[in-house]
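In case you want the letters, here they are:
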Amino acid sequence: MPAIADRNSSPFKEKVAAIKSDKSGETTRSNGCCTPQKRRLRSDEAAAKESPLSTPMKLKSPRRRLNSSPNSPANGIKEDFSEKPVKKNWNPRDVEQMRAVKEALHVSTPPSTVVCREDEQRRVLEFCKACVEQEKAGSLYVCGCPGTGKSLSMEKVRQQVIDWAKMEGLQPPEVLEMNCTSLANTSEIFSKILGKHQPKKKIMGSTSPLQHLQNLYSNKQAPSSSKMMLIIADELDYLITKDRAVLHDFFMLTTFPFSRCILIGIANSIDLADRFLPRLQSLNCKPMVVTFRAYSKDQILSILQERLLVLPYIVFQQQALELCARKVAAASGDMRKALCVCRSAVEILEAELRESASNESLASEGECISRQTASSLEIFRSQENNSPLQLLTHHDIFQLRIEHMALALSKTFRSPIVDTIQSLPQHQQIILCSAVKFFRGGKKDTTVGELNKSYIDICKSAVIPPVGILEYLSMCRVLNDQGLFKLGQSRDDKSKRVTLKVDEADISFALQGVRFFRNCLQ
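Bear in mind that the values here come from a model prediction, so they are computed numbers and not experimental data.

**Q** It is not clear to me how the overall build of the protein should be interpreted in this structure. Could you clarify?
**A** Along the backbone of the protein there are 22 helices and 14 strands. Carbon and sulfur atoms form 51% of the exposed surface of the protein, whose accessible area is close to 31000 Å².

Here's what the structure looks like:
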């Protein structure tokens with residue numbers, strides 16, 4: 001027998017409430033339940049039309065949601081893309097653009113800002129500020145390897161000291177900058193300092209310029225001639241004599257009671273301070289030492305990117321700049337060397353353009369493809385199925401690629417080992433590549449049989465037929481004779497131990513210019 005719904009049951013109450021809501025229209029459904037609302041006024045109805053919360057939200061399609069977003073043009077608000085300007089493609093055939101790129105990468109072109117040397121500049125600036133404020137003489141020795149930004153940083157500090165003194169209402173110091181390599185003799189440095197103090201006065205008698213300076217700094221000077229003097233002596237190594245008398249006399253100028261000299265000596269010899277500091281310490285004229293360390297890979301990359309920011313187009317692929325920074329940092333950390341390598345890569349591309357200009361088959365619609373790129377395209381077409389090589393994009397053609405940088409690096413850092421690796425046949429290069437990948441796990445040696453398996457895997461991935469075991473053993477002996485491998489002694493050839501005798505970085509650098517090996521070594 002069917003059950004009769006009770007009036008007090010919840011389903012019966014819900015049906016009655018629904019009927020009442022339909023008749024009166026004073027209740028609305030929200031989130032699946034019914035809630036009574038007060039009687040609305042006309043002003044409330046107008047506000048309800050404007051308020052999105054007074055009516056149920058309807059689901060929209062993804063396209064409508066995008067168009068009705070708060071930042072969409074439909075709401076009168078346009079997105080601002082001006083913060084990220086898009087650089088146009090570089091046209092290496094444009095003479096003006098090529099000239100601008102070479103100028104930006106030239107060593108003599110001063111950058112707008114000196115990056116990665118903020119700490120060293122701050123220390124030198126604070127030293128100079130203290131000397132100017134206290135009107136006290138002092139000496140500072142700046143040392144570091146060539147190309148680490150010493151001279152450029154001192155030039156920036158010199159201007160900062162003058163600007164700071166003017167802002168503080170102090171008398172800016174006189175500035176004397178000199179390169180010791182331009183001196184006729186080491187004692188001429190004292191003549192230049194004296195000439196800055198007394199430009200119109202000639203030295204009479206047998207008194208040397210050094211003695212004149214010593215007498216000048218020993219007596220109280222007139223207020224008009226008591227101005228501080230900032231002396232920046234670059235290439236201080238050239239003042240070294242057998243007895244180092246000139247170097248000692250130079251720094252001893254700050255020990256006289258009325259001296260107003262701020263001496264800054266710059267030299268490439270890091271151990272120079274250790275050689276002459278003990279003597280200067282005994283003479284009570286020990287200078288403050290600031291050391292400029294060699295640039296790291298990240299610092300070189302930052303400086304290159306900072307220099308290229310002035311160009312309105314992208315010149316280098318990011319991978320090419322990273323390769324340059326990594327190689328230069330590992331070799332010397334010389335920023336000037338990195339700039340020379342980049343300029344060499346630009347000149348290599350320029351030479352390719354001149355060669356290909358006369359060959360119509362390699363040029364179409366104003367776009368030039370180098371011979372190396374054309375050969376890569378032929379290899380790709382012949383190995384389309386399962387090939388590790390990739391086609392160059394239209395955007396890559398207008399940029400200096402990693403192949404240009406590898407060639408420029410090989411010309412700059414010419415090494416017999418790199419030349420030997422690059423001149424090897426393809427399968428011997430694959431064996432070296434397999435050895436580099438195998439020893440990356442921390443192993444120092446392995447057997448010929450295990451290395452052969454790694455070699456076969458690389459050949460299969462590139463769809464290259466591997467050589468037989470006898471030919472493979474013969475190639476391993478050739479690599480051993482050339483000093484790239486070291487084979488141990490064993491009756492079974494497959495059980496011989498194999499050790500890599502060259503640095504993995506040299507192998508990676510030598511094979512970096514070939515896309516196939518570059519992908520294998522990544």
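There's more to say after this.
**Q** How do you make sense of the environment of methionine 154 when you look at a structure like this?
**A** Inspection of the secondary structure assignment puts methionine 154 in helix H6 (residues 150–167). Take methionine 154: its relative accessible area is 2%, and that puts it in the buried class. Taking the C-alpha atoms as reference points, methionine 154 and glutamate 120, 34 residues apart in sequence, are found 9.7 Å from one another. The residues contacting methionine 154, other than those within four sequence positions of it, are Val124, Val142, Ile232, Ile264, Ile266 and Phe292.

**Q** Would you mind going over the side chain of asparagine 452 with me for this structure?
**A** Secondary-structure assignment places asparagine 452 in helix H19 (residues 448–461). If near-sequence neighbours (up to four positions away) are discounted, asparagine 452 is found in contact with Ile469 and Tyr472.

**Q** I tried to follow the sheet that holds strand S12 (residues 445–447) on my own but got confused; where do I start?
**A** Strand pairs in the sheet, formed through backbone hydrogen bonds, run parallel or antiparallel to each other. Strand order in the open sheet formed by 3 strands is S12-S14-S13, with antiparallel pairing between adjacent strands. Taken across any chain shown, the strands that pair with only one partner, and hence form the sheet edges, are S12 and strand S13 (485–487). Going from strand to strand, the sheet's axes swing by 30° on average, the running direction of each strand aside. The pairing of S13 with strand S14 (residues 497–500) spans 3 bridges and is classified as antiparallel. Looking at S14, one finds that phenylalanine 485 is bridged to leucine 500.

**Q** Explain the packing of helix H18 (residues 426–439) against H19 here, please?
**A** Each pair of packed helices gets described by two things: the angle between the helix axes and the distance between those axes. Put simply, H18 and H19 touch, their axes get as near as 9 Å, and they point 110° apart. By the criterion of interaxial angle, the relationship of H18 to H19 is roughly perpendicular. Seen from above, H18 lies across H19 with right-handed handedness. On H19, the residues touching His427, Ile430, Ile431, Cys433, Ser434, Ala435, Lys437 and Phe438 of H18 are Glu450, Leu451, Ser454, Tyr455, Ile458 and Cys459.

**Q** How do you make sense of the sheet that holds strand S4 (residues 138–144) when you look at a structure like this?
**A** Here we have 5 strands laid out as an open sheet, ordered S5-S6-S7-S4-S8, and parallel in their pairing. The strands lining the two open edges of the sheet, one partner per strand, are strand S5 (174–179) and strand S8 (288–292). Averaged over all neighbouring strand pairs, the angle between strand axes comes to 15°, with direction disregarded. Bridge count between S4 and S8: 5 bridges; the pairing is parallel. Residue valine 142 lies in a different strand from S8, and its bridge partner there is valine 290. Those strands touched by helix H7 (residues 188–197) are S5 and strand S6 (229–234), and its axis lies near 155° from that of S5.

**Q** Is there a simple way to explain the pattern of salt bridges in this structure?
**A** It is possible for side chains bearing opposite charge to pair when their charged atoms get close. Within this structure, the stated rule accounts for 17 salt bridges. Glutamate 403 serves as the salt-bridge partner of arginine 515, at 3.9 Å between the closest nitrogen and oxygen. Placement of the pair is arginine 515 in helix H22 (residues 515–521) and glutamate 403 in helix H16 (residues 402–412), with a sequence separation of 112 residues. Accessibility expressed as a relative area gives 12% for glutamate 403, which makes it buried. Bridged by salt links that share partners, the residues Arg401, Glu403, Arg515 and Arg518 form one connected network.

**Q** Is there a simple way to think about the confidence of the model for the protein in this case?
**A** Detailed conclusions should not be drawn from predicted coordinates in areas where pLDDT is low. Of all residues in the protein, 74% have pLDDT values of 70 or greater, and the mean over the chain is 78. The low-confidence segment residues 15–36 (pLDDT under 50) makes 12 contacts with residues lying over four places distant or belonging to another chain. Taken together, the stretch residues 41–82 has pLDDT below 50 and engages in 16 contacts with residues farther than four places along the chain or on a different chain.

**Q** I tried to follow the nonpolar core on my own but got confused; where do I start?
**A** Nonpolar side chains in soluble globular proteins tend to end up buried together. Counting residues in each nonpolar core, the largest one holds 78 residues, and the members touching the most others are Phe316, Met405, Leu432, Phe485 and Leu500. In terms of residue count, helix H13 (residues 335–357) provides more of this core than any other element does, 10 residues in total. Those residues in contact with leucine 432, other than ones at most four positions away along the chain, are Ile421, Leu424, Leu479, Leu484, Phe485, Leu500 and Ile507. Judged by nonpolar contacts, the second largest core, of 31 residues, contains Ile189, Ala233, Leu263 and Ala267.

What counts and what doesn't
- Each chain carries its own residue numbering, running from 1 in the direction its sequence is written.
- In keeping with the predicted nature of the model, local features appear solely for residues at pLDDT of at least 70, side-chain atom pairs appear and are counted solely at 80 or more, and the whole-chain, interface and lining totals rest on all residues.
- Derived side-chain values reflect all non-hydrogen atoms in the structure, with water molecules and hydrogen atoms excluded from consideration.
- Only DSSP runs of H or I covering at least 4 residues are called helices, and only runs of E covering at least 2 are called strands; the numbering of each starts at the N terminus.
- Accessible surface area values rest on a Shrake-Rupley calculation with a 1.4 Å probe, where residue burial reflects the displayed protein chains alone.
- Residue burial is assigned from relative accessible area. The probe radius is 1.4 Å, only protein chains are included, and a residue is buried under 20% of its type maximum, exposed over 50%, and partly exposed in between.
- Residue contacts follow a heavy-atom distance rule, with two residues in contact if any of their heavy atoms lie within 4.5 Å.
- DSSP-based pairing: two strands are paired if at least 2 bridges between them are found.
- Geometry is summarised by axes, namely lines fitted to C-alpha atoms with helices restricted to the contacting stretch, and by angles between N-to-C directions that run from 0 to 180 degrees.
- With respect to orientation, any angle under 35 degrees is reported as roughly parallel, any angle over 145 as roughly antiparallel, any angle of 65 to 115 as roughly perpendicular, and every other angle as oblique.
- The crossing is said to be left-handed when, going from far helix to near helix, the turn is anticlockwise and less than a right angle, and right-handed when the turn is clockwise.
- A side-chain nitrogen of Lys or Arg and a carboxyl oxygen of Asp or Glu constitute a salt bridge if their distance falls within 4 Å.
- Confidence scores labelled pLDDT are given residue by residue by the predictor and lie between 0 and 100.
- Among buried residues, those of type Ala, Val, Leu, Ile, Met, Phe, Trp, Tyr and Cys that are joined through side-chain atoms within 4.5 Å constitute a nonpolar core.

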